[in-house]
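Fold and contact review
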Amino acid sequence: MQQEGVPVVILDDEVYSPYSYKREEELEKLAVEHSARLFGKNTHFFNVKRKIVSKSGIGSTPDGYLVDLASDKFFIIEVELSSHDIVHHVMNQLSRFKLAMGNSETRNDLAKFLASTARKGQKVSDADYLARIIEQGVGIFIII
């Protein structure tokens, strides 16, 4: 029985109710399983955690990385629980990502590392390609 006033989504014959994840890993697993639906079919999701660091040593570890192959754009993927404090936790991480991606050494190392994790022959296995699109700018996807 649905509680009165609790939001739901009805799609076809299915009723979807809110669910509170207890651990980020649960939500991360769903993001990996449904990455094509979340980000689009013409993307490559790197399901790797690789710490990125600024020149002054300030860093953080995103939950993954994404390349939009249609637009040649690069994104950091971050998964957060809605219970996390937006200012002290989430904004702090985003600031660390921005500082780290301002470091050319970090950008180049990340491009080489990600290319090495891709299957040979894929566009994203080319470190020069990744370095070029990372250099153009980095977006951030936050899954909450």
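Residues numbered from 1 in each chain as written. Predicted model: local features only at pLDDT ≥ 70, side-chain atom pairs only at ≥ 80, totals over all residues. Heavy atoms only, no water.

Our next topic: the pattern of salt bridges. Tallying each qualifying case throughout the model produces six salt bridges. A salt bridge links Arg23 to Glu25; the nearest nitrogen and oxygen atoms lie 3.4 Å apart. Overall, the relative accessible area of 44% leaves Glu25 in the partly exposed class. The structure contains a network of salt bridges with shared partners spanning Glu28, Lys49 and Asp63. (Salt bridge = Lys/Arg side-chain N within 4 Å of Asp/Glu carboxyl O. Buried < 20%, exposed > 50% of the residue type's maximum accessible area, 1.4 Å probe, protein only.)

The phi angle at Asp12 is positive, at roughly 55°, despite the residue not being glycine. Position of Asp12 among the secondary structure elements: in the loop between β1 (9-11) and β2 (14-16). A positive phi angle, near 55°, is found at Asp72, a position not held by glycine. Inspection of the secondary structure assignment puts Asp72 in the loop between β6 (64-68) and β7 (73-79). Owing to a relative accessible area of 26%, Asp72 belongs among the partly exposed residues under this scheme. (Helix = DSSP H or I, 4+ residues; strand = E, 2+ residues; numbered from the N terminus.)

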